[in-house]
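# Architecture and fold: a report
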Amino acid sequence: MLILGLETTCDETSAAVVQDGRDVLSNVVASQIGLHAKFGGVVPEVAARAHLESLNLIVDEALQRAHITRPAHQLAAVAVANCPGLIGCLLVGTAAAKAFAFAWQKPLIAVNHVQAHLYSVVLQDPSTPSFPHFLISSVPFPALGLVISGGHSSLYHVHSFHNLRRIGQTQDDAVGEAFDKVAAILQLGYPGGPLIDQLAKGGGGNPLAIKFPAGHLEKDSLNFSFSGLKTAVLYHVNGKQGRQRDASALTAQQKADVAASFQKTAADMLIEKLRRAAARFPARALLIGGGVSANSAIRAAVTALGAELHLPVFIPPIQFCTDNGAMIAGIAYELLLSGQIADLNLETIATI
Ligand code: KG4
Ligand code: ZN
């Protein structure tokens with residue numbers, strides 16, 4: 001069963017064709033990084049306009065790469081992420097998906113973008129056959145799911161990929177936002193997550209060089225707070241009140257130490273909440289997803305926690321960590337099988 005999935009929630013325009021919720025036949029992603037870099041973050045109106053300009057081309061490319069010449073005959077459904085995200089961006093993808101579903105007379109499937117991030121652990125990319133091939137049925141539920149991205153830091157008790165309960169979330173910045181801001185403080189560029197990761201590793205940063213505060217909140221809290229950590233990095237690099245100097249005063253080694261120490265603190269904060277959740281909720285596996293799950297230190301820390309708790313860990317292949325259409329088409333298969341079909345009145349929801 002082939003499903004076309006559209007992703008336009010933020011700054012990636014993506015379309016993908018996935019077979020039976022697992023095999024990714026095509027996954028075309030047009031990143032808008034170049035458009036937003038000069039602003040140091042995503043500008044919603046610019047993003048929505050860029051989706052509008054490129055979506056049809058991206059869909060054509062995704063169909064072509066999957067060898068789909070007659071979509072009305074070959075596709076089983078059209079899926080779209082209709083929440084959460086930037087409202088103008090969601091509207092572009094949702095309107096397009098409705099048009100395709102109507103024109104091809106196919107079921108329309110509405111997907112929650114955050115839930116789809118967790119589903120990406122079971123996607124199979126034929127171009128990376130060496131990656132462990134999980135079967136969808138091999139993920140034991142209930143599980144704990146951690147979605148960490150530029151827009152979300154949320155913890156879920158997961159009963160199935162489309163039946164999950166949020167048990168913790170950030171009270172201020174998302175963890176990806178903290179990575180992006182720390183990269184800006186270090187004058188590394190945008191988006192900052194991969195640059196911090198590279199500098200910490202390639203620059204020989206010492207994760208124990210600086211002791212930044214890990215804000216764990218109250219003893220029982222499963223929520224996150226990253227603004228204190230971000231401010232601590234700002235004061236460390238720029239001096240008191242963040243205004244006395246800037247990152248150009250640091251040596252390359254000092255910069256790498258800041259990157260590695262920040263990254264370790266962020267990973268520790270995430271692990272602490274997973275550990276607390278595992279003590280309170282029955283769980284047979286750990287799942288992570290979202291752009292920040294591409295981070296090497298966080299992948300290693302979650303893997304180590306899984307070994308300590310004797311729980312299998314499911315981590316997405318790198319190319320499915322950041323926003324992509326494949327995760328939308330993938331989870332839509334499960335929704336279609338369980339009869340969760342939307343109609344052409346489908347609305348977009350910015351926050352959930
Ligand atoms: O999932 P995503 O593409 O978009 C949202 O749904 O928000 O996540 C983007 C975020 C950005 O903040 C980016 O800096 C971060 O993921 N990111 C990383 C890494 N790769 C991407 N953060 C840390 N380490 C990485 N290797
Ligand atoms: Zn995302």
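Above this note sits the structure.
First, a word on scope: everything that follows refers to the structure included in this document. (Residues numbered from 1 in each chain as written. Chains lettered and ligands numbered in written order. Predicted model: local features only at pLDDT ≥ 70, side-chain atom pairs only at ≥ 80, totals over all residues. Heavy atoms only, no water.)

## So, the packing of aromatic side chains
- Tallied over the entire structure, the rule returns five aromatic pairs.
- Both rings, one in phenylalanine 100 and one in tryptophan 104, keep their centres 4.9 Å apart while their planes meet at 20°; by these two values the pair is stacked. Of this pair, phenylalanine 100 and tryptophan 104 both sit in helix H4 (residues 87–104), four residues apart, which is roughly one turn of the helix. Residue phenylalanine 100 shares its accessibility class with tryptophan 104, and that shared class is buried.
- Through pairs of rings, three or more aromatic residues link up here, namely Tyr119, Phe141 and Phe161. (Phe/Tyr/Trp six-rings, centres within 6.5 Å; stacked < 30°, edge-to-face > 60°. Helix = DSSP H or I, 4+ residues; strand = E, 2+ residues; numbered from the N terminus. Buried < 20%, exposed > 50% of the residue type's maximum accessible area, 1.4 Å probe, protein only.)

## Quick word on unusual backbone geometry
- In the segment running from phenylalanine 141 into proline 142, the intervening peptide bond is cis, with an omega of 0°.
- By the secondary structure assignment, proline 142 is in the loop between helix H5 (113–119) and strand E6 (143–148).
- In this chain, tyrosine 190 is followed by proline 191 through a cis amide linkage whose omega measures -10°.
- Relative to the helices and strands, proline 191 resides in the loop between helix H6 (175–185) and helix H7 (192–202).
- Its identity is not glycine, yet aspartate 20 carries a phi of approximately 50°, on the positive side.
- Relative to the helices and strands, aspartate 20 is located in the loop between strand E2 (12–19) and strand E3 (23–31).
- On the basis of relative accessibility, which here comes to 33%, the residue aspartate 20 falls in the partly exposed class.
- One non-glycine residue, glutamine 105, adopts positive backbone phi at about 55°.

## Side note on the sheet that holds strand E7 (residues 153–160)
- An order of E8-E7-E6-E9-E10 is seen for the five strands of this open sheet, with the pairing classed as mixed. Edge strands, defined here as strands with exactly one partner in the open sheet, are strand E8 (163–169) and strand E10 (313–314).
- Note: E6 against strand E9 (residues 286–289), four bridges, orientation parallel. Among the inter-strand pairings, leucine 146 is bridged to a residue of E9, identified as isoleucine 288.
- In the packing of helix H10 (residues 296–309) onto the sheet, the strands contacted are E6, E9 and E10, and the crossing angle to E9 comes to about 170°. (Pairing = 2+ DSSP bridges. Contact = heavy atoms within 4.5 Å. Axes fitted to C-alpha atoms, helices over the stretch in contact; angles between N-to-C directions.)

## Here's the deal with the pairing of E6
- Where burial is concerned, most of E6 is hidden: six out of the six residues are buried.
- Neither face of E6 is left uncovered, since the one carrying Ala143, Gly145 and Val147 and the one carrying Leu144, Leu146 and Ile148 both have all their residues buried.
- Examined bridge by bridge, E6 and E7 share six bridges and lie antiparallel to one another. Residue pairing across strands places isoleucine 148 opposite serine 153, the latter belonging to E7.
- Hairpin connection from E6 to E7: four residues lie between these consecutive antiparallel strands.

## Details of the site of ligand 1
- Taken together, 22 residues lie around ligand 1, and Gly150, Gly151, Asp180, Gly193 and Gly291 are the ones closest in.
- Taking histidine 113, its side chain carries an N or O atom lying 3.3 Å from an oxygen atom of ligand 1.
- Here an oxygen atom of ligand 1 sits 3.2 Å away from a polar atom, N or O, in the main chain of glycine 176.
- Of all the elements in the fold, those that place two or more residues in the shell around ligand 1 are H5, H6 and H7.
- The dominant element in the shell around ligand 1, judged by the number of residues it contributes, is H7, at four residues.
- Composition of the shell around ligand 1 by domain shows at least three residues from each of domain 1 (2–129 + 320–337) and domain 2 (137–316). (Near = heavy atom within 4 Å. Polar contact = N/O pair within 3.5 Å; in protein donor to acceptor, adjacent residues only side chain to side chain. Domains from an automatic or database assignment.)

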